[in-house]
Amino acid sequence: MSEAQNVLLSDPASGKSVELPLIHGSVGPACIDIAALPKATGHFTYDQGFIATASCKSAITYIDGDAGVLMYRGYPIEQLAQHSNFLEVAYLLMNGELPNAAQFAAFDHEVAHHTMMHEAFRTFLFGFRHDAHPMAMLTGMIGSLAAFYHHGLDLEDPDMRRLAAIRLIAKVPTIAAACYRYSIGWPLRYPRNNLEYVDRFLHMMFEVPSEPLQLNPVVAKALDLLFILHADHEQNASTSTVRLVGSTGANPYACVAAGVAALWGPAHGGANEAVLRMLAEIGRPQDVGKAVERAKDKNSGFRLMGFGHRVYKNFDPRATIIRQMTHKVLAELGVNDPMLEVALKLEEAALKDEYFVSRKLYPNVDFYSGIIYKALGIPTEMFTVMFAIARTVGWVSHWLEQSAEHDSKIGRPRQVYVGATKRDFTPIASR
Ligand code: CMC
């Protein structure tokens, strides 16, 4: 980090001024450290939706939204997508460096040997209604890990923290597949530790007792790539949630369960499911124009799902990779999905439309991922669960980073109070 400078802020109303330090990261815009502001001027800052506020320092992921850049630990996402695999990316995000062969083998072995669930989890899972949304089950099941792995969890001990992170990376796919199988009435499958991470997950999802599963390498490769692209995205809503809960010293499984809940919303990870429902609703390429018009009408309450991003104002580099991959995967699997035609028409129409161009609304990572998931045989309700499996790696990496800080503070925003001013209590008979 380069030398800090100060920014002078004057308040003409009170005549007070304060020098605020400028914090420089290794790359990207500098931030004004406003911590001294309330004491010096009596004012707080207001930033609805954290549009202009950095909530922490982090060395994990860097995004330049104007240039369409995404890097994990300094490595461009395009290079990782081309040369790496999800588990290696998980190691990178958690540890800061790419593993050598021995480190990778040890990590792979460690993750594989934490994939089992406590048998009592079955009883817990079987308590859900069979038609519960898998994201609801996932939130509850991950939160319940706090009850199963509570004893001996000393958050001051880095090895214990690391073990909790490994358990989450290992067990979330097992839990996710169990939620799916329970929802369709299939018997649960135990993880096969001799398989690689993604193959193991596909086995737990799709293997039936009556016949062996022939894994399609195209499916496994595509899923691995989708997991890499979804693994982390700096301080997005779910990661910020994990950090906020983590700032209280809460149990890590509870922190990640909170992250899953935040991810579920359609403005965030739930968009991939919403995109597919939207494409199905539009139905035919010739009806795309009507959908675009509806999305521009603020009174319709309808937005183009899979479009727009808080940070990317040029293009989402993940969407570019997924777009190319969609054509390849569908061709390799011999899938002819009419939804793809609707999606392409929609993209074309929106990218030409002044409303979307002037607001810099481009297809985001979720626009195409649903079409691929569908082609891979993943049911629509499971799309956001797939996102959660991958993002678990990002959540635990941020939780580990935060937990190792020596100057951490509880996250506690302020507010602009707009309620009633002081008034006296009236007894119920007089109201
Ligand atoms: N369709 C139509 N109009 C839109 C859309 C959209 N998808 N997204 C933004 N706008 C408009 C919005 O109405 C506003 O217009 P105006 O300036 O006239 O008031 C302008 O664009 C700016 O929008 P905003 O809501 O202030 O932007 P934001 O940064 O707060 O929201 C977003 C970002 C991703 C929540 C939003 O673009 C959105 O709702 N997109 C659809 C949902 C979606 O695809 N989410 C996935 C995001 S990427 C993966 C992830 O984060 O998990």
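Residues numbered from 1 in each chain as written. Predicted model: local features only at pLDDT ≥ 70, side-chain atom pairs only at ≥ 80, totals over all residues. Heavy atoms only, no water.

Engineer: Explain the overall build of the protein here, please?
Structural biologist: For the protein, the helix and strand inventory stands at 18 helices and six strands. The dimensions of the protein, computed from C-alpha atoms along their principal axes, are 80 × 65 × 60 Å. Buried residues in the protein amount to 45% of all 431 residues. Pairs at least 24 residues apart make up 70% of the contacts formed inside the protein by residues separated by at least 6 positions. Accessible area for the protein stands at about 21900 Å²; split by element, carbon and sulfur atoms hold 55% of it. Across the protein, 40 positive and 44 negative side-chain charges occur, with their mean positions spaced 6 Å apart. (Helix = DSSP H or I, 4+ residues; strand = E, 2+ residues; numbered from the N terminus. Buried < 20%, exposed > 50% of the residue type's maximum accessible area, 1.4 Å probe, protein only. Contact = heavy atoms within 4.5 Å. Areas by Shrake-Rupley, 256 points an atom, 1.4 Å probe, with all protein chains shown as cover. Lys, Arg positive; Asp, Glu negative; His and termini not counted. Charge placed at Lys NZ, Arg CZ, Asp CG, Glu CD.)

Engineer: Would you mind going over the sheet that holds strand E3 (residues 31-32) with me for this structure?
Structural biologist: Strand pairing within a sheet occurs via backbone hydrogen bonds; the two strands may be parallel or antiparallel. Sheet architecture is open: three strands sit in the order E1-E2-E3, paired in antiparallel fashion. The sheet is open, and its two borders are formed by strand E1 (5-11) and E3, each paired with just one other strand. Pairing analysis gives two bridges linking strand E2 (residues 16-23) to E3, with the strands arranged antiparallel. Paired with Leu 22 across the bridge in E3 is Ile 32. (Pairing = 2+ DSSP bridges.)

Engineer: Sorry, what's going on with the sheet that holds strand E6 (residues 75-76) here?
Structural biologist: The strand order across the open sheet formed by three strands is E4-E5-E6, and the pairing between neighbours is antiparallel. Edge strands, defined here as strands with exactly one partner in the open sheet, are strand E4 (61-64) and E6. As defined by bridge partners, E4 adjoins strand E5 (residues 69-72) across four bridges and the pair is classed as antiparallel. Bridging from a neighbouring strand, Tyr 62 pairs with Met 71 of E5.

Engineer: Quick question: what am I supposed to make of unusual backbone geometry here?
Structural biologist: Trans is the common state for peptide bonds, and a negative phi is the common state for residues other than glycine. One non-glycine residue, Phe 50, adopts positive backbone phi at about 55°. With respect to the helices, strands and loops of the structure, Phe 50 is situated in the loop between helix H1 (37-41) and E4. Here Phe 50 falls in the exposed class, since its relative accessible area comes to 54%. Phi is positive for Glu 234, which is not a glycine, with a value near 40°. We classify Glu 234 as partly exposed; its relative accessible area is 22%.

Engineer: Explain a nonpolar patch on the surface to me, please; I cannot follow it from the model alone.
Structural biologist: Taken together, the side chains of Tyr 46, Val 416 and Val 418 make up a nonpolar region of the molecular surface, amounting to roughly 380 Å² of accessible area. Residue placement: Val 418 occurs in the segment after helix H18 (383-403). (Patch = residues over 30% accessible without salt bridge, like charges linked within 9 Å, V, L, I, M, F, W, Y side chains within 5 Å. Salt bridge = Lys/Arg side-chain N within 4 Å of Asp/Glu carboxyl O.)

Engineer: Can you help me understand helix H17 (residues 365-375) in this one?
Structural biologist: Given 3.6 residues per turn, any residue in an α-helix points the same way as the ones three and four places further on. Most of H17 sits out of view: ten of its eleven residues are buried. Those residues of H17 not exposed but buried are Val 365, Asp 366, Phe 367, Tyr 368, Ser 369, Gly 370, Ile 371, Ile 372, Tyr 373 and Ala 375. In this structure Asn 364 caps H17, since a side-chain oxygen of it lies 2.9 Å from the backbone nitrogen of Asp 366. (Polar contact = N/O pair within 3.5 Å; in protein donor to acceptor, adjacent residues only side chain to side chain.)

Engineer: I keep staring at empty space enclosed by the protein and nothing clicks. Help me out?
Structural biologist: Regions of empty space are outlined by a rolling probe, equal in size to a water molecule, passed over the atoms. Tallied over the full model, the rule gives two cavities of 30 Å³ or more. Taken as a whole, the largest cavity encloses approximately 90 Å³ of empty space. Residue composition of the lining of the largest cavity, grouped by class: six nonpolar, two polar and three charged. Roughly 30 Å³ of internal volume is contained in the second largest cavity. Forming the walls of the second largest cavity are Gly 308, His 309, Tyr 312, Asn 314, Phe 315, Asp 316, Lys 360, Tyr 362, Pro 363 and Asn 364. In the lining of the second largest cavity, the residues fall into four nonpolar, four polar and two charged. (1 Å grid on protein atoms, 1.4 Å probe; cavity = no way out; pocket = protein on both sides within 12 Å on 5 of 7 lines; lining within 4 Å. Points joined across faces, edges and corners; volume = space filled by probe spheres on them. Nonpolar A, V, L, I, M, F, W, Y, C, P; charged D, E, K, R; others polar.)

Engineer: I tried to follow the side chain of Asn 364 on my own but got confused; where do I start?
Structural biologist: Note that Asn 364 resides in the loop between helix H16 (354-358) and H17. When near neighbours in sequence (up to four residues on either side) are disregarded, Asn 364 contacts Gly 306, Phe 307, Gly 308, Asp 316 and Ala 319.

Engineer: Looking at this structure, I do not really get the pattern of salt bridges. What am I missing?
Structural biologist: Two side chains of opposite charge can pair, provided their charged atoms sit close to one another. Under the definition given, this model contains 19 salt bridges. Of the charged contacts in the structure, one is a salt bridge between Lys 290 and Asp 287, with a shortest N-O distance of 3.2 Å. A salt bridge links Glu 293 to Lys 296, with the nearest nitrogen and oxygen atoms 3.2 Å apart. Separated by three residues within a single helix, Glu 293 and Lys 296 lie in helix H13 (residues 288-296), roughly one turn from each other. Residue Lys 296 is classed as partly exposed on the basis of its relative accessible area, which comes to 24%. Look at the salt bridges and you will find they share partners, linking Arg 189, Arg 192 and Glu 207 into a network.

Engineer: Help me understand the site of the ligand in this model?
Structural biologist: Taken together, 23 residues lie around the ligand, and His 268, Arg 303, Leu 304, Gly 306 and Arg 310 are the ones closest in. For the ligand, an oxygen atom lies 2.8 Å from a polar atom in the backbone of Gly 306. The side chain of Arg 310 places a nitrogen or oxygen atom 2.8 Å from an oxygen atom of the ligand. Within the complex, 75% of the 940 Å² of free accessible area of the ligand lies under protein. At the level of elements, H16 and H17 are the ones that each hand at least two residues to the shell around the ligand. By residue class, the composition of the shell around the ligand is twelve nonpolar, six polar and five charged. (Near = heavy atom within 4 Å.)

Everything listed here is a matter of coordinates, which is why it stays silent on function.
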